[in-house]
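Report on the structure
Residues per chain are reported as follows:
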Amino acid sequence: DAIPGVSSATFSGMSPMEGPGAAGVASAVDHPEKRTQASINYVAPAYFETYGTPFLAGRDFSARDQSGSPVAIMNQTAARDCFGNENPIGRHITLSHITLTKGEKTYEVVGLVGDAKYNDLLHPAPPTIYEDLLQQGFVGSQLAIRTTIDPAGVACAVRQTEAAVLKGVPVVRVTTMND
């Protein structure tokens, strides 16, 4: 059942102001000299809709990706670093994880999104690669909800729903993006 006032919801490894949580080096497969040190965030479908990050090209992650080849979404800065002004959709990147022991992996770029700031509103948005949280087999620790009504009322309904569905999994903190 839907919670009244919720227009979209998603999971992610980290929320924007908490940072991406991982880092890696991304490079274009067909031009390995074009590379960037990128922040990595693991996100589920509807992440960009929920946070209001615009899609500039391509598509969001979907259920069909879970059993397919690895896919990624890049922000503008990462795409520019790896592909210049060329369209990254359908192209491939290699991503070497620095902070996780996942080694190097190749991803098809399926989406291009606008830049979003992490950790700091005063500095430019970092190059960011988004991996499909569900394809990676992770469970997000952050639940994000976009609401059309007062967030306090929605938070109460979410806590009640969570307690009924995920018995024993505590909600540690609830905050708004404005906070």
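Higher on the page you've got the structure.
Computed from a prediction, not measured in an experiment: that's the story for all the values here.

**Remarks on the pairing of strand 6 (residues 92–97)**
Here strand 2 (residues 22–28) pairs with strand 6 via five bridges, running antiparallel. Bridge pairing in strand 6 places V25 opposite S96.

**Notes on the side chain of T53**
Tracing the chain through its elements places T53 in the loop between helix 1 (47–51) and strand 4 (55–58). Taking relative accessible area as the criterion, T53 reaches 12% and is therefore assigned buried. If sequence neighbours within four positions are ignored, T53 has contacts with F48, V113, G114 and A116.

**A look at the pattern of salt bridges**
Using the criterion set out here, one finds three salt bridges in the structure. Through salt bridges with shared partners, a single ionic network connects D30, E86 and R91.

**Side note on a nonpolar patch on the surface**
On the surface, F11, L143 and I145 cluster together into a nonpolar patch covering about 250 Å² of accessible area. When you line up the elements, I145 lands in strand 9 (residues 142–147). Residue I145 is classed as partly exposed on the basis of its relative accessible area of 31%.

**Quick notes on the pairing of strand 5 (residues 71–75)**
Burial analysis of strand 5 places five of its five residues in the buried class, which makes it a mostly covered element. The side-chain alternation of strand 5 yields two buried faces, one formed by V71, I73 and N75 and the other by A72 and M74. Pairing between strand 5 and strand 8 (residues 128–132): three bridges, direction antiparallel. By the bridge assignment, I73 is partnered in strand 8 with Y130.

**Points about the packing of aromatic side chains**
Following the criterion strictly, the structure yields five aromatic pairs and no others. On the basis of an interplanar angle of 50 degrees and a centroid distance of 4.8 Å, the ring pair of Y47 and Y51 is categorised as tilted. Of the two residues, Y47 and Y51 both sit in helix 1, four residues apart, roughly one turn of that helix. Comparing Y47 with Y51 shows no difference in burial state: the two are buried. Consider the rings of F48 and F55, whose centres lie 5.3 Å apart with planes at 80 degrees: the pair is edge-to-face. Under the relative-accessibility criterion, F48 is labelled buried at 0%. In this structure F55 comes out as partly exposed when scored by relative accessible area, which is 32%.

Each value, and the rule that gives it
- Residues numbered from 1 in each chain as written.
- Predicted model: local features only at pLDDT ≥ 70, side-chain atom pairs only at ≥ 80, totals over all residues.
- Heavy atoms only, no water.
- Pairing = 2+ DSSP bridges.
- Helix = DSSP H or I, 4+ residues; strand = E, 2+ residues; numbered from the N terminus.
- Buried < 20%, exposed > 50% of the residue type's maximum accessible area, 1.4 Å probe, protein only.
- Contact = heavy atoms within 4.5 Å.
- Salt bridge = Lys/Arg side-chain N within 4 Å of Asp/Glu carboxyl O.
- Patch = residues over 30% accessible without salt bridge, like charges linked within 9 Å, V, L, I, M, F, W, Y side chains within 5 Å.
- Areas by Shrake-Rupley, 256 points an atom, 1.4 Å probe, with all protein chains shown as cover.
- Phe/Tyr/Trp six-rings, centres within 6.5 Å; stacked < 30°, edge-to-face > 60°.

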